[in-house]
Amino acid sequence: MNVIPYRREENAAPAGSRPAADARKLGAAQGAPPPRWLVAVGAGVLTATLAIGGFWSWNAGLFDGITSGEASRRAAAAALEERRAAHEAFTSVYSGQEHQSLEVGRGESLARILTRAGASPADAGAATTSVAAVFDPRRLRPGMPVNVYFHRDEGEAQLAGLAFRAEPGATVTVNRIATGAFTAREVIMPTRFEIAHVSGAVAESLYESALAGGATDGIISQMTEVFGYDVDFQRDVRPGDPFELVFGRRIDENGETVIAGELSYVSLTTRGQFREYYRFMAPGDRQPEWYDAQGRSARKFLMKTPINGARLSSGFGMRRHPIQGYNRMHRGTDFAARTGTPILAAGDGVIQRASWFGGYGNYVRIRHSSQYDTAYGHMSRFARGIRPGVRVRQGQVIGYVGSTGQSTGPHLHYEVFHRGRQINPMTLRVATGRNLEGEELAMFLQEKARIDRIREMRGQEEAAVEQEAIAGAAAPAARRM
Ligand SMILES: [Zn+2]
């Protein structure tokens, strides 16, 4: 397992600033990937052998290159020394070059960017034509950085090449070759897999804090799915709430996320309640599920039948309305029961409404999470203490069956909302929300132990980094979170 310690500071650095020294130190300590040695053939100027270290890897492949197998076998310490020397050579060669970093403007073509940088229209056109062989220039988006290089010869700057990141993990480079024409190529960046660990406390928002820690939109959306059954992200999450994430990702030589993989662990404490879930695929399952430390499913299913001893009298879907007499959509499920039968909260949540609500009569609505609400109509009365803002537990009595509002007889009208829309309660995926037992549980506990080891290891590394930061007076970048 090639595990590279994850450091928050690296990814927290603003785009454009390359924590090169840090990255090298980190790489050297862990057995650095071999430097990429490039033989320059571009523009007739670059004859030095160049190493592309962390600092330059964004432009890897500019002025072409071939990888030498010899260099790749060097020891990490030697590689670091070489990289340093080569970097000096690189910069000295580059002193004959002029470099501009531009951002793509709104609606700006590549040719226009190049002329804006100072290229002649003929060169800009030729370079753009060569790019089209490997990348559709119309895919350039406003704000994308483009590096443009010029060779200054007797006072006149001539376009020597350009480079831009076409997509995560891929760079397009264009070089002027000896004939004066341009040649373009797409360079796929070397990436490596690592397991990232992010732990901290919510600052402004969970989203911002997780991003600052190196998570991606995709990882954060996986996280909200995991907690979809028990956390209301708008209301429950507060600044200072601790969270922790473990996920796989591929990073480039700068330590930046190229592709985020799967989340494998997540914890979050809201309103003083700690919750943690592990990703695990049980044998025979088609996709992984999330389980707490005891192997209980994260899917805290809302009860399909939030009432005991009742008979389903009308299902979800089109039906002829018994009172209004025309066909309409029935957006809930009716359970016939005697007046006074207790009605239970279908899941943990907060009472949103407990009052008369038109045809629903006495009505209770409970918010369970950011995604799920349930509602209960026609109650004869509310249970004691049931009013807006009150927290309820699954199975708690919230009211009693009645026939208030537009109702033909005592029954509970029950609705489940998913993302604000009524869904059929009978389709709630109860079957997959199971608790692990026996052999499955044993396998889960093994996987859990593996993830816990990663968390522990990373926690120690992060604590050491923190110690360093505290010890070094000149290190103001101590973790904020
Ligand atoms: Zn109904």
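About the thresholds
Residues numbered from 1 in each chain as written. Predicted model: local features only at pLDDT ≥ 70, side-chain atom pairs only at ≥ 80, totals over all residues. Helix = DSSP H or I, 4+ residues; strand = E, 2+ residues; numbered from the N terminus. Buried ≥ 20, exposed ≤ 12 C-beta atoms within 10 Å, placed from the backbone. Pairing = 2+ DSSP bridges. Arc of directions from axis to C-beta. Contact = placed C-beta atoms within 7 Å. Axes fitted to C-alpha atoms, helices over the stretch in contact; angles between N-to-C directions. Core = buried A, V, L, I, M, F, W, Y, C linked by C-beta atoms within 7 Å. Domains from an automatic or database assignment.

Colleague: Give me the overall build of the protein: which residues, what numbers.
Modeller: For the protein, the helix and strand inventory stands at 9 helices and 25 strands. For the protein, the residues scored as buried account for 36% of the 481 residues in total.

Colleague: Go over the sheet that holds strand S17 (residues 342-344) with me, naming the residues and quoting the values.
Modeller: One open sheet accounts for 3 strands, arranged S17-S23-S21; its pairing is antiparallel. Unpaired on one side and paired on the other, S17 and strand S21 (381-382) mark the two borders of the sheet. Here 3 bridges tie S17 to strand S23 (residues 397-400), and the two strands are oriented antiparallel to one another. Paired with Pro342 across the strands is Tyr400, a residue of S23.

Colleague: Go over unusual backbone geometry, please, and point to the residues and values.
Modeller: Not every positive phi belongs to a glycine, and Arg271 is a case in point at roughly 50 degrees. Mapped onto the elements of the fold, Arg271 is located in the loop between strand S10 (257-270) and strand S11 (273-280). Within the chain, His378 stands out as a residue other than glycine whose phi angle is a positive 65 degrees. Mapping His378 onto the fold places it in strand S20 (residues 372-379). The exposure class of His378 is buried, given the 27 C-beta atoms found within 10 Å.

Colleague: Please set out helix H8 (residues 217-226) residue by residue, giving values where relevant.
Modeller: Along H8, the residues classified as buried are Ile219, Gln222, Met223 and Val226. In a view along the axis of H8, the buried residues occupy a sector of 100 degrees, so they form one face of it. When the buried face of H8 is taken as reference, the exposed residues oriented beyond 90 degrees from it are Asp217 and Ser221. Elements in contact with the buried residues of H8: strand S9 (242-251), S10, S11 and strand S12 (289-291).

Colleague: Any details on the sheet that holds S11? Residues and values, ideally.
Modeller: On the basis of which strands lie adjacent, the open sheet formed by 5 strands has the order S8-S9-S10-S11-S12 and antiparallel pairing. With one partner strand each, in any of the chains shown, strand S8 (192-201) and S12 form the two edges of the open sheet. On average, each strand axis in the sheet is tilted by 25 degrees relative to the strand beside it, whichever way the strands run. Against the sheet, H8 touches S9, S10, S11 and S12, its axis set at about 35 degrees to S10.

Colleague: Talk me through the environment of Pro306; I want residue IDs and the actual numbers.
Modeller: Secondary-structure assignment places Pro306 in the loop between S12 and strand S13 (311-314). C-alpha of Pro306 to C-alpha of Gly395: the two residues are 89 residues apart in sequence and 7.4 Å apart in space.

Colleague: Explain the environment of Val237 to me, and be specific about the residues and the numbers.
Modeller: Mapped onto the fold, Val237 is located in the loop between H8 and S9. A C-alpha to C-alpha distance of 5.6 Å links Val237 and Thr270, two positions 33 residues apart in sequence. Apart from the residues within four sequence positions on either side, Val237 is in contact with Val202, Leu206 and Thr270.

Colleague: Describe the pairing of strand S19 (residues 362-367), naming the residues involved and giving the relevant values.
Modeller: Among the 6 residues that make up S19, 5 are buried, leaving the element largely enclosed by the rest of the structure. Strand direction decides the pairing type here: strand S18 (residues 349-356) and S19, joined by 6 bridges, are antiparallel. Bridge pairing in S19 links Trp356 to Asn362. Between the antiparallel neighbours S18 and S19 lie 5 residues, among them Gly358 with a positive phi of about 50 degrees.

Colleague: Kindly report on the environment of Asp292, identifying the contributing residues and their values.
Modeller: Its location among the elements puts Asp292 in the loop between S12 and S13. For Asp292, a count of 15 C-beta atoms within 10 Å gives the class partly exposed. Taking C-alpha positions, Asp292 is 6.2 Å from Tyr278, a pair spaced 14 residues apart along the chain. Each residue touching Asp292, except ones within four places of it in the same chain, is listed here: Glu276, Tyr277 and Ala298.

Colleague: Account for the nonpolar core, naming residues and giving values.
Modeller: By size, the foremost hydrophobic cluster in this structure holds 57 residues, and its most contacted members are Leu245, Ile343, Val364, Tyr376 and Ile398. The dominant element in this core, judged by the number of residues it contributes, is S10, at 5 residues. Split by domain, the residues of this core number at least three in each of domain 1 (1-30 + 190-301 + 432-481) and domain 3 (311-427). For Ile343, the contacting residues outside a window of four places in its chain are Pro306, Ile307, Tyr376, Met379, Val397, Ile398, Gly399, Tyr400, Val401 and Leu412. Grouped together as the second largest cluster of nonpolar side chains are 23 residues, Ala124, Tyr149, Ala160 and Val174 included.

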